[in-house]
Amino acid sequence: MLIDVPQNKAYALLTGGPTVFITSRSPEGRDNVMANAWNTLFNMDPTQVIVVFDLGHDSTKNIIASGEFGISVPGNALKKGLIGAGTMHARDITEDKFAYAHLEKLPARQINASLVGGALAHLECRIMDPELFARTGIALAEVVAAQVEEDYWDGASLICDNRPEQTLHSAGAYTYFPRGHVQPWSPR
Ligand SMILES: Cc1cc2nc3c(=O)[nH]c(=O)nc-3n(C[C@H](O)[C@H](O)[C@H](O)COP(=O)(O)O)c2cc1C
C-alpha cells in the first residue's frame, strides 16, 4: 500500500550519499564545523559539488563572507563528533566548536579553514556562484584540493569493505546507515 508523504518530509526518501562535516572560518578567524547530509555531485572533471545550507547557520554566514569551505568525510569513529557539530550553533557556545564536539583540526592546503582530523577524505571547495549561495543557501562549488586515506582508496572509489571505518549515510531525519558492501554494477 502506498501512503502519502508530506511535501516537507519527501526529502528523506532520496537521501543516500555520505553525511559529512562542513568546515569554515569567520572573518574574525573563528573556526566552525557543522554536519551536512544534503550534498551531491554536479560535475566530474573538474569535480564540482552542490551542498545545501540553511541560510540561518553560522557556517553559511562564514561561507558567504569567505567563499570557501571544507568537506571532511567521516567514518563511524567520528559519529559522536558529527552529531555534536550538527546540533549546536557556534553562536550559542563560547568555546571553539571543534573543541566542543571533541574534534581535531587539520590545516587545509588551499582554503582558509580547518578540516576535521581523522576523517577518511577531505575536499576543499570554492563557491562558484556567490549570488546564488547568498540568496538560496545552494552552494555550487569547485573542489580545489582533495585528500583521502590511502587504505580507503582504490584509485577510483572510496572503499570501506573489510576495513574498520564505514562512511555514514543519512536515512531520513534522525537515522543513518553505514556504507555496507559495495559491488560493481556489472562484472568486469
Ligand atoms: C546528521 C545531520 C545532518 C545535517 N544536515 C544538514 C544539511 O544538509 N544542511 C544544513 O544546513 N544543516 C544540516 N544539519 C544541521 C547543522 O549541522 C546544524 O544546524 C549546525 O548546528 C549548524 O551549525 P552552525 O550554525 O554553527 O553553522 C545537519 C545536522 C545533522 C545532525
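A brief look at the structure comes next.

Parameters and conventions
- Residues numbered from 1 in each chain as written.
- Predicted model: local features only at pLDDT ≥ 70, side-chain atom pairs only at ≥ 80, totals over all residues.
- Helix = DSSP H or I, 4+ residues; strand = E, 2+ residues; numbered from the N terminus.
- Rg over C-alpha atoms; globule rule 2.2 N^0.38 Å.
- Contact = placed C-beta atoms within 7 Å.
- Near = placed C-beta within 6 Å.
- Nonpolar A, V, L, I, M, F, W, Y, C, P; charged D, E, K, R; others polar.
- Pairing = 2+ DSSP bridges.
- Axes fitted to C-alpha atoms, helices over the stretch in contact; angles between N-to-C directions.

## Here's the deal with the overall build of the protein chain
The secondary structure content of the protein chain amounts to four helices and 11 strands. In terms of C-alpha radius of gyration, the protein chain reaches 17 Å, essentially the compact-globule figure of 16 Å for 188 residues. Here the C-alpha coordinates of the protein chain stretch approximately 50 × 45 × 35 Å along the principal axes. Partitioning the intrachain contacts of the protein chain with sequence separation of at least 6 by distance along the chain shows that 60% fall at a separation of at least 24.

## Observations concerning the site of the ligand
Close to the ligand lie 20 residues, the nearest being Met34, Trp38, His57, Ser59 and Gly86. Residue assignment for the shell around the ligand shows that the elements contributing at least two residues are strand S2 (31–36) and helix H1 (58–66). The residue makeup of the shell around the ligand, split by class, is nine nonpolar, nine polar and two charged.

## Overview of the sheet that holds strand S1 (residues 20–25)
Within the open sheet, the seven strands sit side by side as S2-S1-S5-S8-S9-S4-S3. Their pairing is antiparallel. Both outer strands of the open sheet, S2 and strand S3 (39–43), are each paired with one neighbouring strand and no more. Put simply, the sheet's adjacent strands are angled 35 degrees from each other on average, direction ignored. When strand S4 (residues 48–52) meets strand S9 (residues 138–148), the two strands line up antiparallel, connected through five bridges. In the strand pairing of S9, Val49 is matched with Ala141. Relative to S1, H1 is tilted by about 55 degrees, and along the sheet it contacts S1, S2, strand S5 (68–73), strand S8 (121–127) and S9.

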